[in-house]
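Examining the three-dimensional arrangement
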Amino acid sequence: MSKFEYNFSLKDYNTFNIDVTSKEFFACSCENDLIDFLIKINSPKDIFVLGGGSNILFTKNFDGLIINMQNSKIEILNSNNDFVYVKADAGVIWDNFVEFCVENNFYGAENLSLIPGTVGASPVQNIGAYGTEAKDIIFEVNAVKLINGQKQIFSNSECEFGYRDSIFKNSLLGRNLVTSVVFKLNKKPIFNLEYGNIKEEFEKSKQEINLRNVRNTIINIRQSKLPDPKVSPNAGSFFKNPVIDETLFGIISQKFPYLISYPAGEGKVKTAAGQLIDKAGFKGFKLNNVATHSNQALVIIKTGNASGAEIKYFSEHIKKAVLEKFGIALEPEVNIL
Ligand code: EPU
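Values in this document were obtained by computation on a predicted structure and should not be read as measured data.

Focus: the overall build of the chain
What the chain contains, in helices and strands, is eight helices and 20 strands. Computed over the C-alpha atoms, the radius of gyration of the chain is 20 Å, within 12% of the 20 Å expected from 2.2 N^0.38 for a compact globule of 337 residues. Considered along the principal axes of its C-alpha atoms, the chain spans approximately 60 × 50 × 40 Å. A separation threshold of at least 6 residues defines the contact pool for the chain, and within that pool the share at least 24 residues apart is 62%. With the model as given, the accessible surface of the chain reaches about 16,300 Å², and the carbon-plus-sulfur share is 49%. Across the chain, the 37 positively charged side chains and the 37 negatively charged ones have centroids separated by 3 Å.

Structure below.
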């Protein structure tokens, strides 16, 4: 069932629980309804595609049309000895897709356990965690053009994936809506346990390394570091980890030798935004009804009834402090509307 509404409250549609409205709201449960709707409206409107609302900060009422995909099918398309191709609708809750893979012994998605949001956002944002990114398992992306409802298929390389980035956030920004994603998963056990303390966790617990245990370990690590949006409204990492010039980092790290960095392509390094905020003295910092999380400074949480504008102001305050101390500019990972 699809439905169209005016002046629709978005409070339950964003994990910061900001109480704003959308002038028009279309919740759509199947691709054909969406195409009919787009053909019918036939006018260039200010359209925003909202997934699980887990990576967005609303600072005011939205004066356009929001489309929210609620299609929810997961199907196995085909498989061979090595790989299986699974199609998941845009409206599927991301973690339900990961659980489906683990349940069926399909390898590749497990490190992305418990990431909030929906399948539709996974290629747009190229979601990632614990050494894996959505781009590692995406085979192709099915989308429609917002202007006329025309169907499109993007291969993995056509998506132009980067760190928390894709063509859908750049040259195609605001032009397409992802309707489903086809994932290519391994049928043979291949694990990626190199990130941070995953291996250590396995050594400590003496558990067998299998798909279920990897998923559970990732879930435990996430729950120990990241706040539950149902308890402390948040949108995950508020900023991206800044990628800067290796030479610039060399200069900065002479003054601050403790700063962490990871290789990020030729002449570039990725710094840890959480550490920068932490070392600038802002871990657990609270201002009125907004704070950084006490276990992970990169996550901004709403502790009371703060507005989106207050949260934005808080984030700008932190950005300024990090720039002043380290000379590194933070960029929001969260979409601010
Ligand atoms: N760190 C600190 N202080 C802090 C936070 C982090 O010193 O307050 C240090 C950590 O000790 C570690 C380094 O910074 O050495 C990196 O921290 P962490 O492993 O927690 O990961 P992150 O780089 O802060 C990224 C993603 C997360 C993802 C984790 C794990 C981004 C913007 N964030 O965070 O993704 O879960 O890695 O893979 O890339 C999200 O996108 O919303 C998200 C939560």
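Regarding the site of the ligand
The local shell around the ligand holds 24 residues, among which Tyr130, Tyr163, Tyr195, Asn241 and Asp278 are the closest. At 2.9 Å, a backbone N or O of Ala297 approaches an oxygen atom of the ligand. Expressed as a share of its isolated accessible area of 820 Å², the protein-covered part of the ligand is 82%. Taken together, the elements giving at least two residues each to the shell around the ligand come down to strand E8 (128-129), helix H5 (211-225), strand E13 (234-237) and helix H7 (273-282). The biggest single contributor to the shell around the ligand is H7, with three residues. Across the shell around the ligand, the residue classes tally to 10 nonpolar, seven polar and seven charged. Two domains share the shell around the ligand, each providing at least three of its residues, namely domain 2 (74-186) and domain 3 (234-336).

Concerning the packing of helix H2 (residues 94-103) against H5
Across the interface, H2 lies against H5 with an axial gap of 9 Å and an inter-helix angle of 155 degrees. Accordingly, the angle class assigned to the pair H2 and H5 is roughly antiparallel. When you trace H2 past H5, the crossing you get is left-handed. Contact with H2, carried on its side by Asp95, Val98, Glu99, Cys101, Val102 and Glu103, involves Leu211, Arg212 and Arg215 of H5 and no other residues of that element. Broken down by class, the residue content of the contact of H2 with H5 amounts to four nonpolar, no polar and five charged.

Structural notes on the packing of aromatic side chains
For any pair of aromatic rings, geometry is given as the distance between the ring centres together with the angle between the planes. Tallied over the entire structure, the rule returns 20 aromatic pairs. Here Tyr130 and Tyr195 contribute two aromatic rings whose centre-to-centre distance is 5.4 Å and whose plane-to-plane angle is 90 degrees, an arrangement assigned as edge-to-face. Highlighted residues: Tyr130 in the loop between E8 and strand E9 (132-133) and Tyr195 in the loop between strand E12 (176-186) and helix H4 (198-205), separated in sequence by 65 residues. When its relative accessible area of 11% is taken as the criterion, Tyr130 is described as buried. Aromatic side chains Phe285 and Phe314 sit 5.6 Å apart centroid to centroid with 20 degrees between the ring planes, which places their arrangement in the stacked category.

Calculation notes
Residues numbered from 1 in each chain as written. Predicted model: local features only at pLDDT ≥ 70, side-chain atom pairs only at ≥ 80, totals over all residues. Heavy atoms only, no water. Helix = DSSP H or I, 4+ residues; strand = E, 2+ residues; numbered from the N terminus. Rg over C-alpha atoms; globule rule 2.2 N^0.38 Å. Contact = heavy atoms within 4.5 Å. Areas by Shrake-Rupley, 256 points an atom, 1.4 Å probe, with all protein chains shown as cover. Lys, Arg positive; Asp, Glu negative; His and termini not counted. Charge placed at Lys NZ, Arg CZ, Asp CG, Glu CD. Near = heavy atom within 4 Å. Polar contact = N/O pair within 3.5 Å; in protein donor to acceptor, adjacent residues only side chain to side chain. Nonpolar A, V, L, I, M, F, W, Y, C, P; charged D, E, K, R; others polar. Domains from an automatic or database assignment. Axes fitted to C-alpha atoms, helices over the stretch in contact; angles between N-to-C directions. Parallel < 35°, antiparallel > 145°, perpendicular 65-115°, else oblique. Left-handed = near helix turned anticlockwise from the far one by under 90°. Phe/Tyr/Trp six-rings, centres within 6.5 Å; stacked < 30°, edge-to-face > 60°. Buried < 20%, exposed > 50% of the residue type's maximum accessible area, 1.4 Å probe, protein only.

Geometric values such as these leave the question of function open.
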